[in-house]
Amino acid sequence: MADMLFTAEGVTKRFGGVTALDNVSMQIPRGSIFGLIGPNGAGKTTFFNTLTGLYQVDEGKFLFDGKPLNVKAPHEVAQVGIARTFQNIRLFGEMTVLENVMVGRHVRTKAGAFGAIFRTPSARREEAEIEQRAHELLAYIDLSKRAGDKSRTLAYGEQRRLEIARALATDPKMVALDEPAAGMNATETVTLRTLIERIANDGTTVMLIEHDMRLVMNVCQHIVVLDYGKKIADGTPSQIQKDPAVIKAYLGGAHAEVGAKA
Amino acid sequence: MAKLMQLKQDKRTQMVWFVALGVLILILPFLAGMLGQAWVRILNVTLLYVMLALGLNVVVGVAGLLDLGYVAFYAVGAYTWSLLASAHFNLHYPFWVLLPLGACLAALAGLMLGAPVLKLRGDYLAIVTLGFGEIVRILMNNFDKVGLPWSDETYNITNGPRGITGIDGLNLFGLDLRKGLDVSGFNVSGFNVSGLQLYYFVFLAFAILSVIGVYRLQHSRLGRAWQALREDEIAAKAMGINTRNIKLAAFGFGALTGGLAGGLFASMQGFVSPESFGLLESIMILAMVVLGGMGHIPGVILGAVLLSAMPEVIRYAADENVQQKIFGVVLIAPEVLRNLIFSLALILIMLFKPQGLWPSPEKK
């Protein structure tokens, strides 16, 4: 049994009468790239929001890095070591590219108002470290040239990469990417794929929530498929591709729709 | 090489401008004094507005929390000084007790406002803060007859709408600033430094300290967290920022500066009344921040200087005599014309410079 970084055990989440997540379990090996897929409304985002503290689970539990994941507020998640990006990019638009990444260091640093106003030696040292680390991360995603620009001036693909760098700045054990390839062109997706593989190679586990099947099948070592809040498949990309339940959930629906239109 | 020379040249011109500005700021009260002490007072009030605008800038410009009741903190600072250094209670504490105390009480008021509005944003936040500002003003207005449930006696705390008079001036090392400084003994006959001119330099010192403090805060870990909060609260939380704490910090620091300015105001004016701390005042300070350039310190200072000096300058320009000369008759009452020109100027600035007069640069 491989070393598991993240485990979900029988997670259930209900909204009134709707069971958005129904007894979902999964395991993510440390250092792997893990895919979470499913048709629209399958419960991917709900799962994600429960994991990141936005909702509390009704039943079941999460284990992260050997300990129960017990987050009461969204800001505690980064502290524990899970960083995320957003489906609809959420950068700090009026801040520079460098500052965006520097914000990511917030959770691993501690200088307060006193240190800021009096520029104490420790605060200055920390500030220099933050800046240096941010520059390293910008080099990592190949955005050093734009360090001083406001982040809203970046191209779409660059914004996606910056969001990933900002997430990495929190020194996460696992980074969760919510549809990072959405809206990207083919070249941008290839760059993204290389980046994701590099992040995993450098030791950070990646959880990928994605619609782009080619990306998921190419990059993930392990995939879980959700449909109507239930886990319908769990395995390697080749297993998933052959799984009849998955084909039904995805292609069956699509075929039916095409048929109805014709 | 030529580029390097250019850069050196730029640095040098910049330095020259900087020194020139510094000299101007230092001799300004004496230049204004030649026109009359009323102009020195206008300069002093401008410096107070610079402090207020900088404080509000932390809350509105940097952290993005719209605050329409900011003047309440100014009032807390002013009343702290007034009550504890006047004939009202016959208390006369020194400035080094009162200024920090006033600032801390204002900061406390800031936290008290901050705590219940943590979950509010935008318009909703604006309404609650507006209410808070009014509550403080109304308290000042009505705390002249405070009754206790177990006795019939009432206590006069704030002297109500009549305000507090006979407030002590700032006493620095035995020198009462209001009395001014007589330097004729140094054989410079007829040259006096008036009390208001002395106040100018004290206010200037505090304004410079505020600029440094706010600048350093803004360019720190906390300042970045504030900006992140302003830009996107959800993303800020996902980055592990405890938004509750930093919101409270923003309200606290903004209020601190306001309280400091309030104490200084009371010490110069010698008289405070609730009338000085109305909603219009809050809106004026907000306008300084917005018109100057939210979140950009030089812009905010420019906004404060322009908006506090402009009405006074227009007051002279919109004089009856001027109209008499141009049109032969007085067409519009000077006071009406003054407000008209002022509002028009604000509208024009917002039309042509929606980001403010001096917004933060696109590239750093």
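Here we summarise the structure given alongside this text.

Parameters and conventions
Residues numbered from 1 in each chain as written. Chains lettered and ligands numbered in written order. Predicted model: local features only at pLDDT ≥ 70, side-chain atom pairs only at ≥ 80, totals over all residues. Heavy atoms only, no water. Helix = DSSP H or I, 4+ residues; strand = E, 2+ residues; numbered from the N terminus. Rg over C-alpha atoms; globule rule 2.2 N^0.38 Å. Buried < 20%, exposed > 50% of the residue type's maximum accessible area, 1.4 Å probe, protein only. Areas by Shrake-Rupley, 256 points an atom, 1.4 Å probe, with all protein chains shown as cover. Lys, Arg positive; Asp, Glu negative; His and termini not counted. Charge placed at Lys NZ, Arg CZ, Asp CG, Glu CD. Contact = heavy atoms within 4.5 Å. Pairing = 2+ DSSP bridges. Right-handed = clockwise from strand over helix to strand, strands pointing away. Polar contact = N/O pair within 3.5 Å; in protein donor to acceptor, adjacent residues only side chain to side chain. Buried area = accessible area lost by both parts, 1.4 Å probe. Salt bridge = Lys/Arg side-chain N within 4 Å of Asp/Glu carboxyl O. Nonpolar A, V, L, I, M, F, W, Y, C, P; charged D, E, K, R; others polar.

### Topic: the overall build of chain B
Per the secondary structure count, chain B includes 13 helices and eight strands. In terms of C-alpha radius of gyration, chain B reaches 22 Å, essentially the compact-globule figure of 21 Å for 364 residues. Its C-alpha atoms put chain B at 85 × 65 × 50 Å along the principal axes. Across the 364 residues in chain B, those meeting the buried criterion constitute 47%. For chain B, the exposed area adds up to about 18400 Å²; of that, 69% sits on carbon and sulfur atoms. The positive charge centre, built from 25 side chains, and the negative charge centre, built from 20, are 13 Å apart in chain B.

### Looking at the overall build of chain A
Along its length, chain A carries 10 helices and 10 strands. Relative to a compact globule of 262 residues, whose C-alpha radius of gyration would be 18 Å, chain A shows 20 Å and is just as compact. Across its three principal directions, the C-alpha atoms of chain A cover 65 × 40 × 35 Å. When contacts within chain A are restricted to residue pairs at least 6 apart in sequence, those whose partners lie at least 24 apart make up 66%.

### Focus on the pairing of strand S8 (residues 205-209) of chain A
Residue and element names in this part refer to chain A. Where burial is concerned, most of S8 is hidden: five out of the five residues are buried. Alternating residues of S8 divide into Thr-205, Met-207 and Ile-209 and Val-206 and Leu-208, and every residue in both groups is buried. Strand direction decides the pairing type here: strand S3 (residues 33-37) and S8, joined by four bridges, are parallel. When the sheet's bridge partners are listed, Gly-35 is paired in S8 with Leu-208. Tracing the backbone out of strand S7 (residues 174-178), into helix H7 (residues 186-201) and back to the parallel element S8 gives a crossover that is right-handed.

### Comments concerning helix H7 (residues 221-231) of chain B
By the criterion of burial, H7(B) is predominantly enclosed, with nine of the 11 residues buried. The backbone nitrogen of B:Leu222 has a side-chain oxygen 3.2 Å away, supplied by the residue at the start of H7(B), namely B:Ser220.

### Overview of the interface of chain B and chain A
Taken together, the contact pairs 30 residues of chain B with 37 residues of chain A. Carbon and sulfur atoms supply 58% of the area that chain B and chain A bury against each other, a total of about 3000 Å² over both sides. The three residues of chain B that bury the most area against chain A are B:Arg221, B:Arg224 and B:Met239, which together make up 29% of that side's buried surface. Applying the counting criterion to the chain B and chain A interface returns two salt bridges. The residue B:Arg224 makes a salt bridge to A:Glu127 at a minimum N-O spacing of 2.6 Å. At the boundary of chain B with chain A, the tally comes to eight residue pairs in polar contact (both at pLDDT 80 or more). Among the elements that take part in the side of chain B that touches chain A, H7(B) stands out by supplying eight residues, more than any other. Partitioned by chemical class, the residues of the side of chain B that touches chain A number 13 nonpolar, seven polar and 10 charged.

### As for the sheet that holds strand S1 (residues 4-15) of chain A
Residue and element names in this part refer to chain A. Taken in spatial order, the four strands make up an open sheet running S2-S1-S4-S5, and their pairing is antiparallel. Since the sheet does not close on itself, it has two edges, and those belong to strand S2 (18-29) and strand S5 (67-68), each with one partner. Sheet topology note: the S1/S2 ladder contains eight bridges and is antiparallel. Paired with Val-11 across the bridge in S2 is Val-24.

Interpretation in functional terms is not warranted from these geometric data alone.
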